[in-house]
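Chains, contacts and geometry: an overview
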Amino acid sequence: MFELTGHRALVTGAGQGQGVGIARALAAQGAAVAVNDLVPERAEKTRSAIAEAGGTAISAAFDVSDHDAVTAGVAAAAEVLGGPIDILVNNAGIPESMGAVPFRQVPPERWRPYVDLNLYGAMYCISAVIEPMVEAGWGRIVQISSGAGRTGLKIGVSLYGASKSGIEGFIRHLAVELGGTGVTANSLALGLMTAPEKPQDTSVTAGIARSIPIGRLGTPDDVGAAVVFLASPEMEWLTGQTINLNGGSTFS
Ligand SMILES: NC(=O)c1ccc[n+]([C@@H]2O[C@H](COP(=O)([O-])OP(=O)(O)OC[C@H]3O[C@@H](n4cnc5c(N)ncnc54)[C@H](O)[C@@H]3O)[C@@H](O)[C@H]2O)c1
């Protein structure tokens, strides 16, 4: 079950954080993985860790919010991997400039990166892989979203939350449009996560962890396992959903 040998995956923003766990998990199930990141050194680091663990991976560094770069990068990855991408994980989703600031203090010139990355970037990647998936009669699209896209939070992330809400809505429509083609599309709404590259200040996160029913923050391995499930051949009847992956915390 959940065997991915023979499939070719693209994971965006997989040079650090949750994307590393996603790329690693897909490769462990047998997929050949194109590791994307804006920063080439980060993509290469993940690629080499997967290769050392016995998996198949290539580096595919490009900016997902640049349409031409996405078109060229996806075509190059497909050529090196020997066929079109049939599993896409849109994981890149935190603009480099992101801060935690209430909406009234964010000037208009700082709004666009959220839309460029979480809407245009995700849609550029989907657009670059979708036709071969439909032609092949099989494909999996997994969108990484956030609890901030599902509920209002008083932590200064309104623009980020809006962009995540928007892409979740798009994924629902896409899934319905693709019904019957063999291609599914789902979102995973993550709760607060931790990762080796971004160690949390436990004096701050201990309280948050206590408020999570499972009692801890999420990890890249948690996300990797959930993505494998959604990407698997067995999940052909699961589409158009947003699944909360948050240790049991409630999202609307
Ligand atoms: N970290 C959390 O607590 C948390 C919570 C909820 C949801 N999420 C979601 O999980 C996903 C991963 O988050 P993370 O915390 O691992 O992020 P991160 O910032 O640690 O790593 C993401 C990677 O994406 C890359 N990236 C950024 N912009 C890019 C672009 N334009 N093109 C290609 N790559 C780009 C960065 O270089 C970075 O290496 C995001 O979609 C985020 O919204 C994270």
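In this text the structure is predicted, and so the values were computed from the model without any measurement. (Residues numbered from 1 in each chain as written. Predicted model: local features only at pLDDT ≥ 70, side-chain atom pairs only at ≥ 80, totals over all residues. Heavy atoms only, no water.)

Regarding the sheet that holds strand E4 (residues 87-90)
Worth spelling out the cut-off: Strands are labelled as partners when DSSP assigns at least two bridges between them. By definition, any uninterrupted DSSP run of H or I lasting at least four residues is a helix, any uninterrupted run of E lasting at least two residues is a strand, and each is numbered from the N terminus. Angles run from 0 to 180 degrees between N-to-C directions of axes, and those axes are lines fitted to C-alpha atoms, restricted for helices to the stretch in contact. Contacts are residue-level and defined by heavy atoms, with any inter-residue pair within 4.5 Å sufficient.
Ordered by their spatial adjacency, 7 strands build an open sheet running E3-E2-E1-E4-E5-E6-E7, and the pairing between neighbours is parallel. This sheet does not close on itself; its edge strands, each paired only once, are strand E3 (56-61) and strand E7 (242-245). The mean inter-strand angle of the sheet, taken between neighbouring strand axes irrespective of direction, is 20°. Across the sheet, helix H1 (residues 18-28) touches strand E1 (8-11), strand E2 (32-37), E4, strand E5 (139-146) and strand E6 (183-190), and the angle it forms with E1 is around 175°. Contacts from helix H2 (residues 40-52) reach E2 and E3 within the one sheet, and its direction differs from that of E3 by about 180°.

Focus: the side chain of Thr 242
Heads up, the condition is: Burial here depends on accessible area, computed with a 1.4 Å probe over protein chains only, as a share of the maximum for the residue type. Under 20% is buried, over 50% is exposed, and the range in between is partly exposed.
Turning to its location among the elements, Thr 242 is positioned in strand E7. Assessed through its relative accessible area of 16%, Thr 242 is described here as buried.

Digging into the pattern of salt bridges
As a working rule, side chains carrying opposite charge can pair if their charged atoms are close by. Stated precisely, the cut-off is as follows: Salt bridges, as used here, are contacts in which a Lys or Arg side-chain nitrogen is within 4 Å of a carboxyl oxygen on Asp or Glu.
Tallied over the full model, the rule gives 4 salt bridges. Here Arg 24 makes a salt bridge to Asp 221, at a shortest N to O gap of 2.9 Å. Note that Arg 24 is positioned in helix H1 and Asp 221 in helix H7 (residues 220-231), a separation of 197 residues in sequence. Here Arg 47 and Glu 44 are joined by a salt bridge, their closest N and O atoms 2.8 Å apart. On the criterion of helical spacing, the pair formed by Arg 47 and Glu 44 is a turn pair, its members being 3 residues apart in helix H2. The exposure class assigned to Arg 47 is partly exposed, which follows from its relative accessible area of 23%.

Some remarks on the layout of surface pockets
Going by this rule: Grid points spaced at 1 Å and placed over the protein atoms alone form the basis of the search, with a cavity being a set where a 1.4 Å probe fits but cannot get out and a pocket an open set showing protein on both sides within 12 Å along at least five of seven lines. Lining residues have an atom within 4 Å of a point. Grid points are joined across faces, edges and corners, and a volume is the space filled by probe spheres set on the points. Side-chain classes follow a simple rule in which Ala, Val, Leu, Ile, Met, Phe, Trp, Tyr, Cys and Pro form the nonpolar group, Asp, Glu, Lys and Arg form the charged group, and the remainder, Gly included, forms the polar group.
There is about 190 Å³ of room inside the second largest pocket. In terms of lining residues, the second largest pocket is bounded by Gly 15, Gly 17, Val 20, Arg 24, Lys 45, Thr 46, Ala 49, Ile 50, Pro 196, Glu 197 and Pro 220. Those elements that place two or more of their residues in the lining of the second largest pocket are H1 and H2. Per element, the largest residue contribution to the lining of the second largest pocket is 4 residues, and it comes from H2. Looking at the lining of the second largest pocket, its residues break down into 5 nonpolar, 3 polar and 3 charged.

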